[in-house]
Amino acid sequence: MGIRQRATALALSVLGMAAGMVTVAAPAEAASTPSGACGSGYYLIDQHALGSVADIYLFYNGSSNCAVTWVRSPNGTRTYDLRVQIERKSDLVVAPDGGFYKYYAGPVKISAANTCISWGGSAEGIRWASGWTHCG
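This report concerns the structure included in the present document.

The rules behind the values
Residues numbered from 1 in each chain as written. Predicted model: local features only at pLDDT ≥ 70, side-chain atom pairs only at ≥ 80, totals over all residues. Heavy atoms only, no water. Helix = DSSP H or I, 4+ residues; strand = E, 2+ residues; numbered from the N terminus. Buried < 20%, exposed > 50% of the residue type's maximum accessible area, 1.4 Å probe, protein only. Polar contact = N/O pair within 3.5 Å; in protein donor to acceptor, adjacent residues only side chain to side chain. Contact = heavy atoms within 4.5 Å. Pairing = 2+ DSSP bridges. Axes fitted to C-alpha atoms, helices over the stretch in contact; angles between N-to-C directions.

A few words on the side chain of serine 118. On the secondary structure map, serine 118 appears in strand β7 (residues 117-123). Here serine 118 falls in the buried class, since its relative accessible area comes to 13%. Engagement of the side chain of serine 118 in a polar contact is seen with the backbone oxygen of serine 130, the distance being 2.9 Å. Discounting chain neighbours no more than four positions away, the residues touching serine 118 are Gln85, Ile86, Glu87, Ser130, Gly131 and Trp132.

Right under this line is the structure:
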């Protein structure tokens with residue numbers, strides 16, 4: 001093994017040991033309410049039921065919207081196919097989230113002062129989306 005190969009092997013070994021010492025932060029605790037998922041400063045401005053499975057909640061804090069699709073009666077073991085999104089009309093930027101979750105999808109947040117938004121989501125195949133609304 002040549003000097004260059006030894007130096008490379010030594011550098012990779014050191015990097016491997018350093019990577020092993022990196023600690024990973026514990027995941028954040030799940031929110032216990034839809035407003036808790038968005039954080040402080042947001043207030044409820046709208047909501048829509050997705051059958052008896054879940055509700056989509058829309059919050060606003062004066063400059064940004066936040067949306068969450070929240071399971072009504074989670075059993076703690078089942079996962080649900082949940083989706084939520086907000087779209088900003090001024091530039092058609094979309095803030096989405098979706099997947100198989102036990103409690104909720106989101107929160108998704110988007111700055112939306114002085115423009116309209118479209119918001120919606122789905123739960124277990126039940127889909128809903130608003131038109132352009134909450135302009136301001």
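This brings us to the sheet that holds strand β8 (residues 126-129). Ordered by their spatial adjacency, 4 strands build an open sheet running β5-β4-β7-β8, and the pairing between neighbours is antiparallel. A single partner strand is all that each edge strand has here, and the edge strands are β5 (94-101) and β8. Across the sheet, the mean angle separating the axes of adjacent strands is 5° when strand polarity is ignored. Across 4 bridges, β7 lies against β8 in antiparallel orientation.

Further remarks concern unusual backbone geometry. Note: most residues except glycine have negative phi, and most peptide bonds are trans. Backbone torsion omega between glycine 106 and proline 107 reads 5°, so that peptide bond is classified as cis. With respect to the element layout, proline 107 can be found in strand β6 (residues 104-111). Look at leucine 92: it is not a glycine, yet its phi comes out positive at around 60°. Checked against the element boundaries, leucine 92 lands in the loop between β4 (80-88) and β5. A positive phi angle is found at glutamate 124, which is not glycine, with a value near 50°. As for its placement among the helices and strands, glutamate 124 is situated in the loop between β7 and β8.

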